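Summary of structural features
Take a look at the letters that make up each chain.
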Amino acid sequence: MTSPTTVQNSQVQNTQRKYSPLKEFWKSFKKQKAALVASIFIGLLIVIAIIGPYIAPYDPFEPNYNALLEGPSASHLAGTDEYGRDIFSRLIVGAKISLMVSFSAVFLGLILGTILGLISGYFGGWVDKIIMRSCDVLFSFPDLLLAIAIVALLGPGINNVIIAVMIFSVPSFARLVRGATLNAKENVYVEAAQSMGASHVRVLWKHIFPETISELIIFVTMRIGTAILAASGLSFLGLGASPEMPEWGVMLSSGRDYLGTSSHVVIMPGIAIFLTVLAFNLIGDGLRDVLDPKIKNN
Amino acid sequence: MPNSILKVENLKKSFQIAGGLFQKKQYVNAVIDVSFEIEEGTTFSLVGESGCGKSTTGRLITRLIAPTNGSIVVDGKEVATAKPSELRHLRQTVQMIFQDPYASLNPRMKVKELVGEPLEIHTKLSKVEREKLVLEMLEVVGLNAEHADRYAHEFSGGQRQRLGIARALITKPKLIIADEPVSALDVSIQSQILNLLKQLQQEYKISYLFISHDLSVVEHISHYIGVMYLGSIVEIGRKETIFNEPKHPYTQALIASVPIADPTLRKKKIVLTGDIPNPKNPPSGCTFHTRCPFASDICKQAIPEMRKINEEQSVACHFVN
Amino acid sequence: MPEHVLRVSDLETSFTRDNKEIKILRGVNFSIRKGEIVGLVGESGSGKSLTSLSIMQLFHGTTGKIVNGTIHFNGHDLTKMSESEIRKIRGKQMAMIFQEPMTSLNPVLKIGKQLMEAIEMHLKLPKNESKHHAIQMLKSVGIGRAEEIIYEYPHQLSGGMRQRVMIAMAMACHPNLLIADEPTTALDVTIQAQILELMKKLKEENETAILLITHDLGVVAEMCDRVVVMYAGQVVEEADVFELFASPKHPYTKGLIASVPKIGDNKEVLDSINGQVPSPQNMPNGCKFAPRCNQAMSICHQESPPTVKISATRQCSCWLYVKKDVEVNA
């Protein structure tokens, strides 16, 4: 038993394969069938959004007065609208606008909200109070109303829709990250890093931010669904994309006069919005089951 | 006279526990009056039960929290009043080892990042140079190079504590504050770590501030000991004198309470009655008088002063001369 | 023939994980007589706590399952009983206290209410009598202001007080067997000394048999009559407490005792055991301790050692003691 401690042959349990967080994640995500299907759908949608203009069977802007309000058929898969434009082509090209608007709005909201949340949770005190009270003020407006007010202030247009959707995303992100930061701050390794002399930026970036990532990923996917709805809603109200654009909300809006006679004009963009939002929410749910520490531990 | 690496005088820390805009402010004194000195290359232990302020003292010295009062001189520099930005020297001279090796290592970082982090903070070494030092340090603490690419959770408790030690040692600090470093470990592993700490002390001439509730461990590792009760040191001195001739009734009871792993030494204990008082509402006079078998009226009224009773021992008790 | 309160034979318990059965207890044997304190010692991963949960059959919400062996309690085999039969025994004839009393006390119920509930359920006393009995129990565990405590909530008490309440609750129905799983590990030394004294006193008064599960050899030496040492899900040595500390037989027991720093012996370097406890998924062949043993022979790596009876009171599972002139209980 008496042996000097340095000649320890301390072996790590070598049976385990090399540990890789990504592999672990994939192993459990594979089991979430609905989320898996939804991810494939979103993946396809993203590809379509990128190559849309090249694969669209018709020019989405070109009117065809010989084929007004035609129902779905072999030549027009989703029928045509009131100007005879091919709805399928317009949906394909419109995917790019919808995804771009929601992605960029959520992404900007994510960055700003995360920074505010980290600062608020880590430093506490009056900084925390100012940030959180401002968030409360924004929270007290209904999402869409706030967005309408912002666009009304800035003027209609796609870029202003992005800004509006971003602004109403920031408080949710800030609050989420603040909560995760408060938790992460309690870890002894955060104190260990401080005792080593790590700067605040380093502690936040290396030791606290990684703890918030899994919750952020879940929330971002959910939030993109909401953003698509909000952006379509604003366009539907005439505050977003201009009327000739093949944006899904615009298509809904301009088709609503023909709801009684040619319902496909409204139903087709409606389905597109519905499926996309559903898919993002399903992915979010699946990710939550895999990533959320509260669920994972059970 | 050997150099002192740490000199703490009249250290005090009170935390606000209640109060604000409309409430009366309430404070709890976690550390009331603590003074001691650590010589280069020696181990000084703070022992005491929960709530006695030993861990708070450790965190005050590393300036994870700021003291309310008193002076902390580390390697000749006053750090008690230094601003956070002026603490670079302190952070390099003093490193910490934590109780829970599971919690004090970031689970998302690989060993080479974990152990190399202090170098990244304090030096301008390149990644390659850092890794070289990490590998050397892993050897020193009894691990090896192939462990560098693993995550902390792949190790057992004892090995993780070795990682914690490697990380503390890598910047060649002069003082290591070890807060209950072995209390989360199994006995057979505990002795491995204690032997390692002792061996490193001899090799690198490090001083330890060892914080523990376990008297058997403290007796094994220390040169000097301070016994704390409710925020104050009640007895301080050389290890041998504290264990062989404890003078303060609390020290006596504490030592007698330790179960000895030898059934032939079973004895009727001086069992202290009652609970440790709540630090929010400490007793008057000598804080130990509520549990002390020898307490009399003076103990309830006057706080006993710390008196040197011989070259190697000081006691704060009205009845010790 | 002394009366055995509890006799555990060939107990094997396993968990299922990813559809694989992992055996944690691999044949545990020991027994406890009336009024005896038996220490169950081992490091984390030795299976000592799982042994107690197996005896109590507390596997709620886990995949734990007894796959083999018998647990005779007062002559009846617990492994053959239905859940409702065991529930009648649990708490009444056999009680348990845990390391952290907070987890076993309901945080939203007052102390008195929780105590009375246990008393009413098992002793079938009317309400006013059970309250009287509850106060009586609290006084017997050294809680002076019992009349006030029954109206307080668990979080208002200190750790030592909570453990006293737990002991009062466990002793309320005068059980034959008390299983104490690391009862003082979370407590300060001076409080630990109080609780240990209390357990001794209660044992003397009620002749309760106690199974004391601990990693602390000091507590064992102080409290126990007999000691069962566990390693990797098996009993490696069983002996009278004086014999065990005077002359440990199994190399693991020797190493364990030598690892403990003792006040008064100024050793420069502590003895220690190399390596660490193997994980259940990765058990070595032969003797489970062989990879860490400095006396290991070639046979140790190939075959599990039999249990060797060394004297009337002690046995040991180690190849070192397998000789022709010693009776082998394979």
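No experiment lies behind these values; they were computed from the predicted model shown.

1. Topic: the overall build of chain A
A count of helical and extended segments in chain A gives 11 helices and zero strands. Scanning chain A from its N terminus toward the C terminus, one meets helices and strands in the order α-α-α-α-α-α-α-α-α-α-α. Referenced to the eigenvectors of the C-alpha coordinate spread, the extents of chain A come out at roughly 95 × 50 × 30 Å. Counting across all 298 residues of chain A, residues that qualify as buried make up 43%. Considering only residue pairs separated by 6 or more positions, chain A has 68% of its internal contacts joining residues 24 or more positions apart.

2. Thoughts on the overall build of chain B
Summing up its helical and strand segments, chain B has 10 helices and 12 strands in all. The C-alpha radius of gyration of chain B comes to 21 Å, within 12% of the 20 Å expected for a compact globule of 321 residues. Looking at chain B as a whole, 50% of its 321 residues are labelled buried. For chain B, the proportion of contacts with a sequence separation of at least 24, taken over those separated by at least 6, is 63%.

3. Details of the environment of Ile170(B)
All names here are of chain B. Looking at where Ile 170 falls in the secondary structure, it is placed in the loop between helix H5 (157–169) and strand S7 (175–179). Separated by 78 residues in sequence, Ile 170 and Gln 92 place their C-alpha atoms 9.9 Å apart. Excluding anything up to four places from it in sequence, Ile 170 contacts Val 115, Pro 118, Leu 119, Leu 133 and Met 137.

4. Observations regarding the UniProt feature "transmembrane region" (unreviewed entry) in chain A
All names here are of chain A. Taking the UniProt record as the reference, the feature "transmembrane region" (unreviewed entry) is found at residues 34–56, 97–123, 216–241 and 261–284. Taken end to end, residues 34–56 is 96% helix and 0% strand, and its two terminal C-alpha atoms sit 28 Å from one another. A distance of 29 Å separates the end C-alpha atoms of residues 216–241, which is 81% helix and 0% strand.

5. Observations regarding the interface of chain A and chain B
On the chain B side, the residues contacting the 19 residues of chain A number 31 residues. A per-element tally of the side of chain A that touches chain B places helix H7 (residues 188–196) of chain A first, with seven residues. Of the residues contributing to the side of chain A that touches chain B, the split by class is eight nonpolar, 10 polar and one charged.

6. Some points on the interface of chain C and chain B
Tallying the contact residues gives 36 residues for chain C and 36 residues for chain B. Of all the secondary-structure elements, those providing two or more residues to the side of chain C that touches chain B are helix H7 (159–171), helix H8 (189–206), helix H9 (217–223), helix H10 (241–246) and helix H11 (251–259) of chain C. With six residues, the single largest contributor to the side of chain C that touches chain B is H8(C). Tallied by class, residues from the side of chain C that touches chain B come to 17 nonpolar, 12 polar and seven charged.

7. Focus on the confidence of the model for chain A
Predicted confidence across chain A gives a mean pLDDT of 84, with 92% of residues reaching 70 or more. Note on residues 1–16 of chain A: pLDDT is under 50 here. Beyond four places in sequence and across chains, it has 32 contacts.

8. Details of the environment of Trp26(A)
Along the chain, the position of Trp26(A) falls in helix H1 (residues 21–29). Trp26(A) sits 264 residues away from Val290(A) along the chain, and the two C-alpha atoms are 9.2 Å apart.

9. A few points about the pairing of strand S4 (residues 65–73) of chain C
Residues and elements named next belong to chain C. Note that strand S1 (residues 4–17) and S4 share seven bridges and pair antiparallel. Directly across from Arg 7, in S4, lies its bridge partner His 72. Here S4 folds back onto strand S5 (residues 76–77) in antiparallel fashion, the turn holding two residues, of which Asn 74 has a positive phi close to 50°.

10. Some thoughts on the sheet that holds S5(C)
Residue and element names in this part refer to chain C. With respect to topology, four strands assemble into an open sheet ordered S2-S1-S4-S5, the strand pairing being antiparallel. Because the sheet does not close on itself, it has two edges, and the strands there are strand S2 (20–33) and S5. Judged from the 11 bridges that link them, S1 and S2 form a sheet pairing that is antiparallel. Note that in S2 the partner of Arg 7 across the bridge is Ser 31.

11. Overview of the packing of helix H4 (residues 111–123) of chain C against H7(C)
All names here are of chain C. Running from amino to carboxyl end, H4 crosses H7 at an angle of 20°, the nearest separation of the two axes being 9 Å. Classified by the angle between their axes, H4 and H7 sit roughly parallel to one another. The element H4 and its partner H7 pack so that their crossing is right-handed. Facing Ile 111, Gln 114, Leu 115 and Ala 118 of H4, the residues of H7 in contact are Val 165, Ala 168 and Met 169.

Definitions and cut-offs
Residues numbered from 1 in each chain as written. Chains lettered and ligands numbered in written order. Predicted model: local features only at pLDDT ≥ 70, side-chain atom pairs only at ≥ 80, totals over all residues. Helix = DSSP H or I, 4+ residues; strand = E, 2+ residues; numbered from the N terminus. Buried ≥ 20, exposed ≤ 12 C-beta atoms within 10 Å, placed from the backbone. Contact = placed C-beta atoms within 7 Å. Rg over C-alpha atoms; globule rule 2.2 N^0.38 Å. UniProt positions renumbered as here; feature names shortened; annotations may be inferred. Nonpolar A, V, L, I, M, F, W, Y, C, P; charged D, E, K, R; others polar. pLDDT = per-residue confidence, 0-100. Pairing = 2+ DSSP bridges. Axes fitted to C-alpha atoms, helices over the stretch in contact; angles between N-to-C directions. Parallel < 35°, antiparallel > 145°, perpendicular 65-115°, else oblique. Left-handed = near helix turned anticlockwise from the far one by under 90°.

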